[in-house]
Amino acid sequence: MTVSRVKLSPQGPEFSRFIAGFWRAMSWQKSPQDLLAFIEQNVELGVTTMDHADIYSDGECEKAFGAAIKLQPGLRDKIEIVSKCGIKPAFDTRPERYVNHYDTSKEHIIASAEQSLLNLEVESLDMLLIHRPDPLMDAEQVAAAFSLLQQQGKVKHFGVSNFTNSQFELLQSACEMPLLTNQIEISPVNISALHDGSLDYCQQHKVSAMAWSCLAGGEIFTGESEQAQRLREVLIKVAAEIGAANIDQVIYAWILALPAQVLPIIGSGRIERTRSTVATEALQLDRQQWFSIWQASTGHSVP
Amino acid sequence: MTVSRVKLSPQGPEFSRFIAGFWRAMSWQKSPQDLLAFIEQNVELGVTTMDHADIYSDGECEKAFGAAIKLQPGLRDKIEIVSKCGIKPAFDTRPERYVNHYDTSKEHIIASAEQSLLNLEVESLDMLLIHRPDPLMDAEQVAAAFSLLQQQGKVKHFGVSNFTNSQFELLQSACEMPLLTNQIEISPVNISALHDGSLDYCQQHKVSAMAWSCLAGGEIFTGESEQAQRLREVLIKVAAEIGAANIDQVIYAWILALPAQVLPIIGSGRIERTRSTVATEALQLDRQQWFSIWQASTGHSVP
Amino acid sequence: MTVSRVKLSPQGPEFSRFIAGFWRAMSWQKSPQDLLAFIEQNVELGVTTMDHADIYSDGECEKAFGAAIKLQPGLRDKIEIVSKCGIKPAFDTRPERYVNHYDTSKEHIIASAEQSLLNLEVESLDMLLIHRPDPLMDAEQVAAAFSLLQQQGKVKHFGVSNFTNSQFELLQSACEMPLLTNQIEISPVNISALHDGSLDYCQQHKVSAMAWSCLAGGEIFTGESEQAQRLREVLIKVAAEIGAANIDQVIYAWILALPAQVLPIIGSGRIERTRSTVATEALQLDRQQWFSIWQASTGHSVP
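Since we're looking at a predicted model, the values are computed, not measured.

1. Structural notes on the relation of the copies chain C and chain A
There are two copies of the chain, and a rotation about an axis plus a shift along that axis relates them.
Here is step 1: Least-squares fitting of chain C to chain A yields an RMSD of 0.0 Å, with the superposition described by an axial translation of 0.0 Å and a rotation of 120 degrees. Such a turn and shift between the copies fits a three-fold axis. Judged by C-alpha distance, serine 166 of chain C is the residue of chain C that lies nearest the rotation axis, at 6.6 Å.

2. Concerning the interface of chain B and chain A
Here is step 1: Tallying the contact residues gives 25 residues for chain B and 23 residues for chain A.
Here is step 2: Between chain B and chain A, a total of about 2,000 Å² is buried, with carbon and sulfur atoms accounting for 54% of that surface.
Here is step 3: Broken down residue by residue, the surface that chain B buries against chain A is led by Tyr98, Pro135 and Leu136 of chain B, which jointly contribute 32%.
Here is step 4: For the interface between chain B and chain A, the tally reads three salt bridges.
Here is step 5: Of the charged contacts, one joins aspartate 103 of chain B and arginine 287 of chain A as a salt bridge, the two residues approaching to 3.3 Å between their closest N and O atoms.

3. Points about the environment of histidine 108 of chain C
Residues and elements named next belong to chain C.
Here is step 1: Residue placement: histidine 108 occurs in helix 3 (residues 106-120).
Here is step 2: Spatially, the C-alpha atoms of histidine 108 and threonine 280 are 39 Å apart, while their sequence positions differ by 172 residues.
Here is step 3: Excluding its chain neighbours within four sequence positions, the residues that come into contact with histidine 108 are Asp54, Gly86, Lys88 and Asp103.

4. Points about the pattern of salt bridges
Here is step 1: The final tally for this structure, using the stated rule, is 49 salt bridges over all chains.
Here is step 2: In this structure, glutamate 224 of chain B engages arginine 232 of chain B in a salt bridge whose closest nitrogen and oxygen atoms are separated by 4.0 Å.
Here is step 3: Note on arginine 232 of chain B: relative accessible area 18%, which makes it buried.
Here is step 4: The closest approach of N and O atoms between aspartate 126 of chain C and arginine 76 of chain C, which form a salt bridge, is 2.9 Å. Remark: arginine 76 of chain C occurs in the loop between helix 2 (60-70) and strand 5 (80-85) and aspartate 126 of chain C occurs in strand 8 (residues 125-130); sequence separation between them is 50 residues. Taken as a pair, aspartate 126 of chain C and arginine 76 of chain C share a single burial class, namely buried.
Here is step 5: Here the residues in one salt-bridge network are Lys88, Asp103 and Asp134 of chain A together with Arg287 of chain C, joined through shared partners.

5. A short note on the sheet that holds strand 11 (residues 208-212) of chain A
Hydrogen bonds along the backbone pair up the strands of a sheet, which may run parallel or antiparallel.
Here is step 1: Here we have eight strands rolled up into a closed barrel, ordered 3-4-5-8-9-10-11-12 (chain A), and parallel in their pairing. Across this sheet, the average inter-strand angle for adjacent strands is 30 degrees, counted without regard to direction.

6. Here we look at the UniProt feature "domain: NADP-dependent oxidoreductase" (unreviewed entry) in chain A
Here is step 1: The UniProt record marks residues 21-293 of chain A with the feature "domain: NADP-dependent oxidoreductase" (unreviewed entry), using the residue numbering of this structure.
Here is step 2: Taken as a whole, residues 21-293 of chain A contains 44% helix and 16% strand, while its terminal C-alpha atoms sit 25 Å from one another.

7. Section: the pairing of strand 10 (residues 179-185) of chain B
Residue and element names in this part refer to chain B.
Here is step 1: With six of its seven residues buried, strand 10 lies for the most part within the structure.
Here is step 2: Here strand 9 (residues 155-161) pairs with strand 10 via three bridges, running parallel. Looking at strand 10, one finds that phenylalanine 158 is bridged to leucine 179.
Here is step 3: As defined by bridge partners, strand 10 adjoins strand 11 (residues 208-212) across five bridges and the pair is classed as parallel. The residue of strand 11 that forms the bridge with isoleucine 184 is alanine 211.

Reading the values: the criteria
Residues numbered from 1 in each chain as written. Chains lettered and ligands numbered in written order. Predicted model: local features only at pLDDT ≥ 70, side-chain atom pairs only at ≥ 80, totals over all residues. Heavy atoms only, no water. Least-squares fit on C-alpha atoms with pLDDT ≥ 70 in both. Contact = heavy atoms within 4.5 Å. Buried area = accessible area lost by both parts, 1.4 Å probe. Salt bridge = Lys/Arg side-chain N within 4 Å of Asp/Glu carboxyl O. Helix = DSSP H or I, 4+ residues; strand = E, 2+ residues; numbered from the N terminus. Buried < 20%, exposed > 50% of the residue type's maximum accessible area, 1.4 Å probe, protein only. Pairing = 2+ DSSP bridges. Axes fitted to C-alpha atoms, helices over the stretch in contact; angles between N-to-C directions. UniProt positions renumbered as here; feature names shortened; annotations may be inferred.

The following block contains the structure:
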């Protein structure tokens, strides 16, 4: 069973419906060979889209990924690489970086993208995202950076992450190319994107959403909040009803059911979890099952 | 004195400025003959638009209404019938319906509209509304259902209820016909539609609003909250100033004063209350009276 | 050193980047000669745009300003006068005005603008703003008033104040001329405009923002809240880093750094404070300094 492929716009590109996320890749402690094997196993499952950011372990995730795929010539052409820029974290070890901040200047976007190419040891990114909405964002500067990177063949497609609708519209109005995704948090623990207009906007304008933190960082599995307890109870019940192997699958099926085209990011480094997640596409929640989970999330039934 | 008629769009249709609501019709315990008399008295007052939903008493309201108007041939052509679909409530008596949920699939919209036609014993609805915004709403499916129902002559016009602006825009973008109304809650107890952009949007796009729960379910008359007490005091004062017969009239005049075209729904089964409400159109609040009520609602003066 | 000039639209007009605000002018207790001297000193500094409203001291501010500039023929042509209308405050001394309210009727807008012309003893206003969003605003009426005032040469340009995006869009959709500004509250104490979409909208649609209460009414200087204490500490640190004479300058530099074109209003009657403020344009915050202030405002770092 392999994951389906989805077009991010009528003209492409095609990404895999599930995305492998490398945020925590350094904690997996894989050798280059092991990381390569993990990546190849993802590709075998159809999970060809790989999510990075310049700040994941301060560039080390991109470098480890680059070192791994270099071991297997030809692998680059079988995958789509997404990276992000715009956040500059504070570092205890670098006194000159004393406050978490954003930088969406033309210079920084270009420099960050070029550094990602060096880290990843590839010639182009398939997609570059602005990581967070920056109150200092000058949309013309971002648009100029995107255009230059595209002309130079360094980045093929562009998008954003964690943007509100007004921020998305502002940036889109300045860009000559379509913004193809908004990567946002969606999980049964955090359903705000379902009601704040974000997913309405994505559906209307055919913007794919990528979903991060679908499992809410483990809160659903081990959290002691009333919400987590309600969710576990319902998810276990629904898992039994639909023949899911675990409640992770129910959660992913719940997200895949959203009418906007949502591409969940899998954050695990264990291929058996990816294999389990990929199987989710075959599962189907009926509307009562779906709204039971909504109800467990909010603590009340729909009005 | 009869109620004025308003166009929902330059091309029509014309509805009555006040709407008779049949949500609680089963609690009125009227015989078919009594319900017919009530409907005919409404029509005499100019209240020709009748508001239903598939879920009001699980279809019994529509059926009682249908049985009543069948007693008087020709009555159907003097009224406009609105119904709604999209909510599927849980039922204690039907274990297979165990959770309140929404269904805005093409199949359900069509099935619900057709069932409403059977219940009401009429050949067409004048207007069908999606009752609640559904996080699973696929706008293309709703649009396809609307188009088919219109082509088949089963429903003439379409709208929504309780939609936010982003949900309205999403659905409108997919529909070939204009959505003519958003039926929302407006009362001196709940003024959120005045400030969350809903009525701004209606005014800008010439979308009529229908207002439900204008009297806030009696909270204003008997509630012990500070807000209810403040409101009663001001409403009684204003009633005396403008020569209103009761504070209901002041509330309706306060809603009619809104610059978007708002059509209040009357929820009562007593024709004397409808007669009193209809007289509201002759009353006029000045701006200080209007803002006194706003101030009593919020507990502070405008900034 | 004089203040730069900015175009409010490609076709003009040009206003000064900083605006002199006369809200508190009566508390300055200046003679007409002193007020004239203050105005001329502002003009020497390049601060040629003067912000009024019909309600500032119930018209007395406009009258005092008019009496002052009349003393110096030719001065009128060197300045841009902004006024506002739409608020009708309650007055203890006028029992017929018993509640703070808004009035955006065509008649009131025209009458208020004409009264401002009389008060200021000038033939035209450079700009008229609707002071607050009015839930009773009929956009067509406002548009009709604006068109008439413009045709009669009484007001050259138009804008709004404290409007949300949906209210701005509503009014703009009805007006034949562009609305050139939204005058809103922006300060390190109140950063909501940076995140509620207001400044996104301004940037996208090239609408200049005017900023009121930039110093938060002194809260930053003397407030005992945790936020005020955090802000003072950071502002003092940044002032030393960038060579600012005082923390006011840091605050204004923080606002000038916003990517929408923001024109801060100076509320002081002391020309030395204006002189200090004007010098802000030469100061530059780097992004870490800017986000340190954002962090002190919110109490947490950016996500």
